[in-house]
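Coordinates in review
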Amino acid sequence: MRPVCTRLCLLLTGTLLAGGPGLGAQTWHRGDSLPLLGRAATQRLTRDADTLLAAWRARAHGVVRMASVIEHGGTSVERVIRADELEVEVYGEAPNRHKQIIVAWRDSSFLPNRIRYHRDHLGIVANDFGATLRLGDGDEVRDVVHPLSPAGLLRYQFAEGDTLRIEAPGQSVRVVSVLVRPIDPTLPGTVGTLYLDIDRAVLVRFRFTFTPASYRDPSVEDITVTLENALQEGARWLPSRQAIIIRRGEPVLDLPLRTVLRADWTIAEYALGVVHPLNRFAGFSVGGLRGRGGDSLWRAPLAQRLEGLPDAQSSIAEMQQDAAAALGGFLLDGLPRTRLLARGISDLLVVNRVGGVTPALGVRRQLGGIGTLGARLAVGTSDARVLGSVALTRTVGGAAWSLGVSRQLADVGDWPAASGIASSLATAFGGGDLGDWTLLERAWLTHRIPLAQGVIDLEVAREASWSVATTFTPVIGEARSNPGLGVGAATVGRMRIARRDVAGDGWQVAVEAGRGAVDWERVAAQARGGIAAGPGRLQIAVEGGVGSEAMPGYRAFVLGGRNTLPGVAYRALGGQRMARAEVGWILPITVPTPPIPNGRGLRLPSRITPFLAAGVAAGGTLGGPWRAGGQVEPVAGLRFDLWGPLLRIETGLSLRSGRFGISVDAHPDWWPVM
């Protein structure tokens, strides 16, 4: 029997993907009070009695990828660690028997790893989970009641949403969206949206996440599942597309880093009413190849397959926002309620020329299901200065409010010039501190509004800035003096709009105004993007800023040296105004992989970028050691991004002075973690 997927399934899928039901005022009911849900639950119990569906087969194609997601101030960079592509034969037979055979499998690693998948991540959900939901072979989620089951109708609340009528030649389908949430959000359950064919009482699409109590693995932060069916033979809804996204964090230490496993599947080539061999369903539910095989099936490189797939973060953010709204702002974070808190690994032990070796300890505590409390304490061993912060954060519908106080050492400038580990090592062993420090005592209220691949940050703060002196003696040499950049107390308002795609390209604009001991205004902007050019990619980066005449020194713009103008002395330029532009040609290169952990046998991607850059600063030095002469400083350089990339080596030559500079650091994508 030739499988048929009518135009109707394409129209319906497109309509459902265009948007979901509104999450405004809803009227919630228990499932047993809504006749359509009772019919749908009954249909799921009796569907295996359908003689046409008593035995069937299909073909599934899937891409499974593991990625790291590093947060950069509200935006994020997603880096694929490993990707797998599979072709799977899927078989079904009443009553509720399923078997999947992997017939082709290939994989590529882009960063060192020891990834091992659960068996069920290498196949599809063949029967929309049945009466209970189970993921990760039961290690991640186990025995969570399905909303469209007799038990689920009693444990969940439902709210009917919009009804869609889809017209196609000879077909008319009415589909209603139904929000679902557990009666008690502190118990295991799902939160999401069901789409039901009203006339057939059949599940068409189910998009959902889980309550925190559902997760059995303490490293699971959240799981997002999308199951879509297509209308086959003009009468039956069968699996068509599926996506499962599992986001993990560190259960002990809260860092701005997550790993995300995403599996995307398409299912087609259905044959209904087939006859299976007697031993078809013996053994594991997912069998066949145990590793790479069937390579002749693939035509395009695996890296090319990844280009058309959606990024995981945007899908997670949308689902989590909708689910939190349905639960009245209840947090859906499955990680442990209490964890150690650090802005990066180096935050646990910082070395700078002002405070010396500074150990720190922070704790993050989830308060019920409504917010989090974070506290951090640090003490400098050279100046005995106590630093710390306390902040209360409340997230509603994806937007976050934060209220807090802090006493911190703040570096000048808008964007970091190096990782925290690189700066601490340079300070400890040679006195080459990469920061210029001001003591900031602040009380603030912030509001973060998420956008598609972006964020809006709003802040009102009362802050006092104080100059601090060098007190640390390095192992070798002598640390340079710290500039006096503090001006006293002021009330400050700030707004930042930022956007960043999964490759790290994007832009941001920040504006601020301060009133107090001095009055000032300030605007800063940055942008990066590129286009394909021959075997590589042409990339352009620009940044700039302008401040008023009375702008304090700790808000000055600085340029020079690593990550800005290599070849020019580090932070040789600075003032009230600044501009920098760079154009580079990113080219792939092959570099032997060193003996790094879990990197044996890998051929990790590396790049070389020849570039030209120029920068200028003007408008007064604002108390710093830099100069603001308004003279353009051009440089030419080479940038090597190696093994993933994990490491960056940057060299540059000043075209004005002939000075050569070189720096070695982790790749900037990883700096928030370091």
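Before reading further, recall that the structure is shown in the block above.
This report concerns the structure included in the present document.

**Here we look at the overall build of the protein chain**
What the protein chain contains, in helices and strands, is 6 helices and 34 strands. Rg of the C-alpha trace for the protein chain: 28 Å, near the compact-globule value of 26 Å for 674 residues, within the 12% margin. Taking the principal axes of its C-alpha atoms as reference, the protein chain extends roughly 85 × 55 × 45 Å. Buried positions account for 53% of the 674 residues belonging to the protein chain. For the protein chain, contacts bridging at least 24 residues in sequence account for 64% of all contacts bridging at least 6. Taken as a whole, the protein chain presents about 28,800 Å² of accessible surface, with 59% of it coming from carbon and sulfur. Between the centroid of the 73 positive side chains of the protein chain and the centroid of its 62 negative side chains there is a distance of 2 Å.

**Structural notes on the pattern of salt bridges**
In the structure shown here, the tally under the stated rule is 54 salt bridges. Salt-bridge contacts for Asp264 lead to Arg65; the nearest nitrogen and oxygen are separated by 3.6 Å. One end of the pair, Asp264, is in strand E14 (residues 257–272); the other, Arg65, is in strand E2 (residues 55–72), with 199 residues separating them in the sequence. Residue Arg65 is classed as buried on the basis of its relative accessible area, which comes to 5%. A salt bridge links Arg339 to Asp254; the nearest nitrogen and oxygen atoms lie 3.6 Å apart. Separated by 85 residues along the polypeptide, Arg339 in strand E16 (residues 338–341) and Asp254 in strand E13 (residues 253–254) bring together distant segments of the chain. The two residues Arg339 and Asp254 agree in class, both being buried.

**Points about a nonpolar patch on the surface**
Taken together, Ile531, Leu538, Ile540, Val542, Val583, Trp585, Leu612, Leu653, Leu655, Phe660, Ile662 and Val664 make up a surface patch of nonpolar side chains, about 1,100 Å² in accessible area. Mapped onto the nonpolar patch, the elements with two or more residues apiece are strand E27 (536–547), strand E30 (577–589) and strand E34 (660–666). Tracing the chain through its elements places Val664 in strand E34.

**What to know about the pairing of strand E33 (residues 647–654)**
Direction of pairing for strand E32 (residues 633–642) relative to E33: antiparallel, over a ladder of 8 bridges. Looking across to E33, one finds that Gly637 is bridged to Gly652. Taking the residues between adjacent antiparallel strands as the criterion, E32 and E33 are bridged by 4 residues, where Trp643 takes a positive phi near 60°. Of the pairings in the sheet, the one linking E33 to E34 comprises 7 bridges and is antiparallel in character. Bridge pairing in E34 places Thr651 opposite Ile662. The hairpin formed by E33 and E34 contains 5 residues between the paired strands, and Gly658 there has a positive phi angle of roughly 80°.

Procedures and definitions
- Residues numbered from 1 in each chain as written.
- Predicted model: local features only at pLDDT ≥ 70, side-chain atom pairs only at ≥ 80, totals over all residues.
- Heavy atoms only, no water.
- Helix = DSSP H or I, 4+ residues; strand = E, 2+ residues; numbered from the N terminus.
- Rg over C-alpha atoms; globule rule 2.2 N^0.38 Å.
- Buried < 20%, exposed > 50% of the residue type's maximum accessible area, 1.4 Å probe, protein only.
- Contact = heavy atoms within 4.5 Å.
- Areas by Shrake-Rupley, 256 points an atom, 1.4 Å probe, with all protein chains shown as cover.
- Lys, Arg positive; Asp, Glu negative; His and termini not counted.
- Charge placed at Lys NZ, Arg CZ, Asp CG, Glu CD.
- Salt bridge = Lys/Arg side-chain N within 4 Å of Asp/Glu carboxyl O.
- Patch = residues over 30% accessible without salt bridge, like charges linked within 9 Å, V, L, I, M, F, W, Y side chains within 5 Å.
- Pairing = 2+ DSSP bridges.

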